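Residues per chain are reported as follows:
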Amino acid sequence: EPEVTQTPSHQVTQMGQEVILRCVPISNHLYFYWYRQILGQKVEFLVSFYNNEISEKSEIFDDQFSVERPDGSNFTLKIRSTKLEDSAMYFCASSGVGGANEKLFFGSGTQLSVL
Amino acid sequence: AQSVTQPDIHITVSEGASLELRCNYSYGATPYLFWYVQSPGQGLQLLLKYFSGDTLVQGIKGFEAEFKRSQSSFNLRKPSVHWSDAAEYFCAVRAEYGNKLVFGAGTILRVKS
């Protein structure tokens with residue numbers, strides 16, 4: 001089965017630093033997503049991206065967050081100035097045509113620790 | 001707004017025993033429902049999904065789930081659990097607008113031999 005790849009698997013950073021989390025979605029997919037899971041809490045939607053622009057974002061996704069598809073294969077999440085509360089597992093996902101019955105393929109996640 | 005409740009944070013079952021993980025949802029129309037599993041160090045893997053039709057859906061790894069509109073439930077079942085089923089299980093519903101998924105808090109399954 002095709003896979004979504006995320007790097008790095010773990011990222012440790014100092015508060016206030018910028019981090020970029022990287023994802024390689026499945027090659028023919030059109031919709032891309034970021035979710036996160038704070039330890040002990042629910043998996044939460046952050047943002048969806050389609051046709052080179054954000055199609056939907058949650059309240060969590062404030063001005064400190066941005067997403068980009070810099071080339072034809074990568075999909076990145078940038079946190080401009082990290083806070084302690086940004087520590088979480090971040091999941092990238094992609095889907096084909098984005099229909100309501102479309103299956104989302106998730107990556108294995110990046111564990112971000114902000115010290 | 002849509003929401004998903006998984007009332008059991010942890011469940012422990014013996015290997016070979018049957019399993020039922022509970023999921024209740026809040027949704028105005030016919031929901032699109034999913035069960036995902038996350039093994040340690042792995043991503044979220046889709047076990048099964050329900051959109052319409054037969055209310056009993058079959059998934060991978062011998063799992064099934066039954067949609068019960070009257071109870072707003074979508075419980076996951078397996079007749080005989082294997083040690084490799086130990087993982088965290090997430091129920092999710094597709095949001096009424098847009099493509100995002102709304103997840104429950106997850107249920108951690110432990111399997112004892």
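Keep in mind it's a predicted model, so treat the numbers as computed, not measured. (Residues numbered from 1 in each chain as written. Chains lettered and ligands numbered in written order. Predicted model: local features only at pLDDT ≥ 70, side-chain atom pairs only at ≥ 80, totals over all residues. Heavy atoms only, no water.)

Caption draft 1: Just the pairing of strand β4 (residues 31-37) of chain A, in detail. All names here are of chain A. With 7 of 7 residues buried, β4 is to be regarded as a mostly interior element. Pairing of β4 with strand β5 (residues 43-50), which is carried by 7 bridges, proceeds in the antiparallel orientation. Counterpart to Trp-34 in the pairing with β5 is Val-47. The turn linking β4 back onto β5 is made up of 5 residues, and Gly-40 within it adopts a positive phi angle of 85 degrees. Where β4 meets strand β9 (residues 88-95), 7 bridges bridge the pair, whose relative direction is antiparallel. Bridged to Trp-34 within β9 is Cys-92. (Buried < 20%, exposed > 50% of the residue type's maximum accessible area, 1.4 Å probe, protein only. Helix = DSSP H or I, 4+ residues; strand = E, 2+ residues; numbered from the N terminus. Pairing = 2+ DSSP bridges.)

Caption draft 2: Examining the environment of A:Val19 more closely. Residues and elements named next belong to chain A. Relative to the elements of secondary structure, Val-19 occurs in strand β3 (residues 19-24). Val-19 gets classed as buried once you look at its relative accessible area, which sits at 2%. Separated by 83 residues in sequence, Val-19 and Glu-102 place their C-alpha atoms 30 Å apart. Those residues in contact with Val-19 that lie beyond four places of it in its chain are Gln-11, Thr-13, Leu-77, Lys-78, Ile-79, Thr-82 and Leu-112. (Contact = heavy atoms within 4.5 Å.)

Caption draft 3: Just a nonpolar patch on the surface, in detail. All names here are of chain A. Judged by side-chain polarity, Leu-30, Tyr-50 and Val-97 come together as a nonpolar surface patch covering roughly 270 Å² of accessible area. Looking at where Tyr-50 falls in the secondary structure, it is placed in strand β5. Judged by its relative accessible area of 33%, Tyr-50 falls in the partly exposed class. (Patch = residues over 30% accessible without salt bridge, like charges linked within 9 Å, V, L, I, M, F, W, Y side chains within 5 Å. Areas by Shrake-Rupley, 256 points an atom, 1.4 Å probe, with all protein chains shown as cover. Salt bridge = Lys/Arg side-chain N within 4 Å of Asp/Glu carboxyl O.)

Caption draft 4: Examining the interface of chain A and chain B more closely. Taken residue by residue, the interface counts 20 residues in chain A and 23 residues in chain B. Together, the buried faces of chain A and chain B total about 1800 Å²; carbon and sulfur atoms form 55% of this surface. At the boundary of chain A with chain B, the tally comes to 1 salt bridge. Between B:Lys100 and A:Glu56 there is a salt bridge; the shortest N-O distance is 3.8 Å. Our count for the chain A to chain B interface comes out at 3 residue pairs in polar contact (both at pLDDT 80 or more). Elements that contribute at least two residues to the side of chain A that touches chain B include exactly β4 and β5 of chain A. Looking at which element gives the most residues to the side of chain A that touches chain B, the answer is β4(A), with 4 residues. (Buried area = accessible area lost by both parts, 1.4 Å probe. Polar contact = N/O pair within 3.5 Å; in protein donor to acceptor, adjacent residues only side chain to side chain.)

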